[in-house]
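# Summary of structural features
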Amino acid sequence: MAELQALIFDVDGTLADNERDGHRVAFNEAFAAHGLDWRWSADTYGQLLCIAGGKERIRYYLQHYKPAFTHPQLDGFIAELHADKTRRYTDMLAQGQIPLRSGVRRLLDEARSAGLRLAIATTTSDSNVRALLRHCVDESAESWFEVIGAGDVVSAKKPASDIYHMVLQRLGLAPGQCLAFEDSRNGLRAALGAGIRTVVTTCDYTRNEDFSGACLVLDQLGEPGHPFQVLQGDAGGAHYVDVALLERLCRECEEVDSDNRRAL
Ligand code: XBP
Ligand code: MG
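The text that follows walks through the structure, step by step, so that each part is easy to find. Small disclaimer: the values here were computed from a predicted structure and weren't measured.

Turning next to the site of ligand 1. Neighbouring residues of ligand 1: 18 residues in total, closest G54, R57, H82, K85 and S125. One nitrogen or oxygen atom from the main chain of G53 is found 2.8 Å from an oxygen atom belonging to ligand 1. T122 places a polar side-chain atom, nitrogen or oxygen, 3.2 Å from an oxygen atom of ligand 1. When the free accessible area of ligand 1 is taken as 450 Å², the share hidden by the protein chains comes to 96%.

Structure follows, in structure tokens:
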């Protein structure tokens, strides 16, 4: 039986509930600044979240919602729009407009005190992750994470497992020595596909997704005095996620077997 060594966190939706009022707003501002009348409502954005990655999401939007749109250098145009969006989003982070989710800061502190290693596995851009860690967690938080696997470092984004394989390889750990934290089915599929047991904290956009295969599904990590709600799995009477609960999950949750991976 493997002992828990590392926690691997998704970012968007998991560390911060930042899609609707963060990324979406920055996309819309970038579109307007380029004279485009594209506007992603909160509902439309929820549908577009089926595609991970901002550049990929813009391309999907054009294919499905604006099929008549043409541009002589579409790849470059999408990259330029996305770079503009990233600048706007990181400005929002720097201005403190995006809070962390409940329990995140406490759990990171407890995990570090307990000697657990920390890593990030996300679809979003590296600059976004670093800005979020610096401005929303702690000035020095980038250094808390031994591996930051982000954005275009892999060719296939979530739900593909490439980012998790890369993070495991750079940590030098087996999947059974780690736990992943995700908020979406796409993220869960990516983690399970790499054989990593996963705790899901749902957010507004993902609440009704299918989280089969997760070892625990909660509405949040929770805090003492601000308990989580268990949506799937057994939290053993705990009210908030702490290191003791994670160690127990690592011991008691079944390993992610190959049947489970194939079912995803
Ligand atoms: C996050 C994403 C990202 C963000 C936007 O997914 O899908 O695309 O919405 O970020 P996950 P970028 O939480 O599963 O990593 O625009 O930087 O791609
Ligand atoms: Mg996410």
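Now, onward.
Looking now at the sheet that holds strand β1 (residues 6-9). Backbone hydrogen bonds are what pair the strands of a sheet, in a parallel or an antiparallel way. Ordered by their spatial adjacency, seven strands build an open sheet running β3-β2-β1-β4-β5-β6-β7, and the pairing between neighbours is mixed. Of all strands in the sheet, those with a lone pairing partner are β3 (147-150) and β7 (230-233), marking the two edges. For this sheet the average axis-to-axis angle between neighbouring strands, irrespective of direction, equals 15°. Examined bridge by bridge, strand β4 (residues 178-182) and strand β5 (residues 197-201) share four bridges and lie parallel to one another. Paired with F181 across the strands is V199, a residue of β5. Lying on the sheet, helix α9 (residues 243-252) is in contact with β1, β4, β5 and β6 (216-218); it crosses β5 at an angle near 135°.

Take the coordination of the magnesium ion (ligand 2) next. Within the protein, the atoms that donate to the magnesium ion (ligand 2) are D10 (OD), D12 (O) and D183 (OD), at distances of 2.1 to 2.2 Å. All donors to the magnesium ion (ligand 2) come from one chain, and their sequence spacing reads D-x1-D-x170-D. Remark: D183 occurs in the loop between β4 and α8 (185-193) and D12 occurs in the loop between β1 and α1 (19-33); sequence separation between them is 171 residues. D183 shares its class with D12; the two are buried.

For the pair α1 and helix α4 (residues 74-94), the least separation of the axes is 8 Å and the interaxial angle reads 130°. Judged by the angle between their axes, α1 and α4 are oblique. By crossing handedness, the relation of α1 to α4 is classed as right-handed. Only L81, H82, D84, K85, R88, Y89 and M92 of α4 make contact with α1, whose side of the interface consists of D21, G22, H23, V25, A26, F27, E29, A30, F31 and A33. Residue classes in the contact of α1 with α4 are distributed as nine nonpolar, three polar and five charged.

Our focus in this paragraph is the packing of aromatic side chains. Under the criterion given, the structure shown has 13 aromatic pairs. Ring centres of W40 and Y61 lie 5.2 Å apart, and the angle between their planes is 65°; this geometry places the pair in the edge-to-face category. Of the two residues, W40 sits in the loop between α1 and α2 (42-48) while Y61 sits in helix α3 (residues 54-65), which places them 21 residues apart along the sequence. Accessibility expressed as a relative area gives 0% for W40, which makes it buried. Between F69 and F77 the ring centres are 6.1 Å apart and the planes differ by 25°, which places this aromatic pair in the stacked class. Its relative accessible area of 10% is what places F77 among the buried residues. In textbook terms, an aromatic cluster arises when at least three aromatic residues are bridged by ring pairs, as seen for F27, F31, W38, W40, Y45, Y61, Y65, F69, F77 and Y205. Here the guanidinium or amino end of K85 rests over the ring plane of F27, the centre of that ring lying 4.5 Å away. For the cation-ring pair, K85 lies above Y89, with the distance from its terminal atom to the ring centre recorded as 5.3 Å.

Across soluble globular proteins, you tend to see nonpolar side chains buried next to one another. In this structure, L7, F9, F145 and L246 are the most contacted members of the largest nonpolar core, which totals 45 residues. The element contributing the most residues to this core is helix α6 (residues 126-137), with six residues. Of all hydrophobic cores here, the second largest spans 19 residues; its members include I8, A119, L173 and I196.

What follows deals with the pairing of β3. Burial along β3 is two-sided: V147 and G149 and I148 and A150, pointing in opposite directions, are all buried. Pairing analysis gives four bridges linking strand β2 (residues 117-122) to β3, with the strands arranged parallel. Across the sheet, T122 pairs through a bridge with A150, a residue of β3.

Cut-off values and rules
Residues numbered from 1 in each chain as written. Chains lettered and ligands numbered in written order. Predicted model: local features only at pLDDT ≥ 70, side-chain atom pairs only at ≥ 80, totals over all residues. Heavy atoms only, no water. Near = heavy atom within 4 Å. Polar contact = N/O pair within 3.5 Å; in protein donor to acceptor, adjacent residues only side chain to side chain. Areas by Shrake-Rupley, 256 points an atom, 1.4 Å probe, with all protein chains shown as cover. Pairing = 2+ DSSP bridges. Helix = DSSP H or I, 4+ residues; strand = E, 2+ residues; numbered from the N terminus. Axes fitted to C-alpha atoms, helices over the stretch in contact; angles between N-to-C directions. Contact = heavy atoms within 4.5 Å. Donors = N, O, S within 2.8 Å, 3.2 Å for Na, K, Ca; no water. Buried < 20%, exposed > 50% of the residue type's maximum accessible area, 1.4 Å probe, protein only. Parallel < 35°, antiparallel > 145°, perpendicular 65-115°, else oblique. Left-handed = near helix turned anticlockwise from the far one by under 90°. Nonpolar A, V, L, I, M, F, W, Y, C, P; charged D, E, K, R; others polar. Phe/Tyr/Trp six-rings, centres within 6.5 Å; stacked < 30°, edge-to-face > 60°. Lys NZ or Arg CZ within 6 Å of the ring centre and 35° of its normal. Core = buried A, V, L, I, M, F, W, Y, C linked by side-chain atoms within 4.5 Å.

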